[in-house]
Amino acid sequence: MASDAARTQWVEKRIKGASATIWDVGTAAFEVKVVLESGSTEYFIGVTPSELLQTQQEMLRVGRPNWLHVINRSLTSNGHAEWAQVARQFPVSRGIGEEVCMKFDGNAVTLSYDSTSLGPYLVPAGKYFPCVLAFYPDTALTIQYRPLCKRKCCESQICDKLFRDRKFTDASIMCGGHQIPVHRCVLAAVSPVFERMLESGMREGHTTTIEIQDVSPEAIEIMVRYIYKGDALPMSTQLSALFVLGNRYMIPSLVSDIGDLMVQQLDKINGKDILHVVRRHATCADEFSVELWDKLTAKLHGDRELMQGVMETFCCTSADEISHH
């Protein structure tokens, strides 16, 4: 499955005690998961531009350059409330064994727990490191982290220009009568499926045309934008189609990013399609889709109004299908 490839190897570390743990993941973008194992429940998770800080006091002296989020403690009455960029939605109540996930794409921080997602919170330009700060000596935390691929600035600028100008294209994607010009080398570099299709022995290699007819041209254009630029700006109703395309053409980062958007933007309008497509992939034992399904159902169970809206959409669709028979 394509989304299996989305699982870059996680690295695990365990910490205990009142200290700041800061490390270099090796890439500008990264993802961190923290689970409270035992002890006092208060800690910070976030990013910082300095890897030299070791204690809470040192971090307090540094001030605003730290972008940290507090877990299980309110800073509203704290004299240091101005020293960090603390999200208004926090503190989050987390107990023993419960997880907080942070994703940093090089420009912004996003946090998630259960079915809730907070952010993205933009940070100033610069190099940042993940940081976890414990307050008390009995706090024990398990930290998992992994690098996320992020294009270098010059590479990003080149791909932006290729996407914007569409000069010297040597292939095209046909969808619903629409022709989308592309560069074979770009598609092949991102998707092993496109690479095989465009090899000389395949029909698409001879015609330099790839036909995709089961999704909208708008969804194809968004996928192409993602291949070139590494970002997607879909309407919530297009998430299911993009999830299918990401899996079909083995673009794991697209699958992962669209999965995050599905959890954030799940509503009564797109709920039926999202749940259907994720469940279909989850029943094929796709690990990422199984985890995504759990997040989606947890969000439904935690929001009665959303659950009712999605159920009504299912019922209305079923009634329409019956009436047409």
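Up top is the structure these notes are about.
Per chain, residues are indexed from 1 in the order of the written sequence. Where local features are concerned, this predicted model is filtered to residues with pLDDT of at least 70; where side-chain atom pairs are given and counted, the filter is 80 or more; whole-chain, interface and lining totals use all residues. Side-chain measures were taken over the full set of non-hydrogen atoms in the model, leaving aside hydrogen atoms and water.

(A) Representation of the overall build of the chain in the model. Where helices and strands are cited, they refer to DSSP runs of H or I of at least four residues and of E of at least two residues respectively, numbered from the N terminus. When helices and strands are counted, the chain shows eleven helices and 13 strands. Note on exposure labels: buried denotes an accessible area under 20% of the residue type's maximum, exposed denotes more than 50%, and partly exposed covers the range between, all computed with a 1.4 Å probe on protein chains only. Looking at the chain residue by residue over its 325 residues, the buried ones come to 46%. To measure how exposed things are, a 1.4 Å probe is used in the Shrake-Rupley method; for residues, cover is taken only from the protein chains shown. Carbon and sulfur atoms make up 53% of the accessible area of the chain, which totals about 16,500 Å².

(B) Structural detail: the sheet that holds strand S12 (residues 178-182). In this analysis, strands are considered paired if DSSP registers two or more bridges between them. On the basis of which strands lie adjacent, the open sheet formed by three strands has the order S12-S11-S13 and mixed pairing. A single partner strand is all that each edge strand has here, and the edge strands are S12 and strand S13 (209-211). The mean angle between the axes of side-by-side strands here comes to 25°, regardless of whether they run parallel or antiparallel. Sheet topology places strand S11 (residues 171-175) next to S12; five bridges connect them, and they run antiparallel. Paired with Ile173 across the bridge in S12 is Ile180. Contact between two residues is taken to exist if any of their heavy atoms lie within 4.5 Å; hydrogens are not considered. Axes here refer to lines fitted to C-alpha atoms; in helices the fit is confined to the stretch in contact. Angles between the N-to-C directions go from 0 to 180 degrees. Contacts from helix H6 (residues 217-229) reach S11 and S12 within the one sheet, and its direction differs from that of S12 by about 5°.

(C) The pattern of salt bridges, seen in detail. A pair is scored as a salt bridge if a Lys or Arg side-chain nitrogen falls within 4 Å of a carboxyl oxygen belonging to Asp or Glu. For the structure shown, the criterion picks out eleven salt bridges. Note that Asp170 and Arg184 form a salt bridge whose closest N and O atoms lie 3.5 Å from each other. Of this pair, Asp170 sits in the loop between helix H2 (153-165) and S11 while Arg184 sits in helix H3 (residues 184-190), placing them 14 residues apart in sequence. Here Asp170 falls in the partly exposed class, since its relative accessible area comes to 34%. Via salt bridges that share partners, Lys161, Arg164 and Asp165 belong to a single interconnected network.

(D) Representation of the side chain of His281 in the model. As for its placement among the helices and strands, His281 is situated in helix H9 (residues 271-282). Of note is the side chain of His281, whose polar atom sits 2.9 Å from the backbone oxygen of Val277. Polar contacts here mean pairs of N or O atoms no more than 3.5 Å apart (in protein, one a potential hydrogen donor and the other a potential acceptor; neighbouring residues in sequence count only if both atoms are side-chain atoms).

(E) Inspection of the packing of aromatic side chains at higher detail. Pairing of aromatic rings covers Phe, Tyr and the six-membered ring of Trp, with a centre-to-centre limit of 6.5 Å; geometry is then stacked below 30 degrees between planes, edge-to-face above 60, and tilted otherwise. With the rule as written, the count across this model stands at five aromatic pairs. Between the aromatic rings of Phe30 and Phe104, the centroid separation amounts to 5.3 Å while the plane-to-plane angle is 40°, which identifies the pairing as tilted. Of this pair, Phe30 sits in strand S3 (residues 29-38) while Phe104 is found in strand S6 (residues 99-104), placing the two residues 74 residues apart along the sequence. Between Phe163 and Tyr228, the ring centres sit 5.8 Å apart and the planes meet at 50°, which makes this aromatic pair tilted. Taken together, the residues Phe163 in helix H2 and Tyr228 in helix H6 connect sequence positions 65 residues apart. For the pair shown, Phe163 and Tyr228 are each scored as buried. Through successive ring pairs, a cluster of aromatic residues spans Phe30, Phe104 and Tyr128. Here, a charge over a ring is recorded when the distance from Lys NZ or Arg CZ to the ring centre is within 6 Å and its angle to the ring normal is within 35 degrees. Between Arg279 and the ring centre of Trp293, over which it is positioned, the NZ or CZ distance is 5.0 Å.

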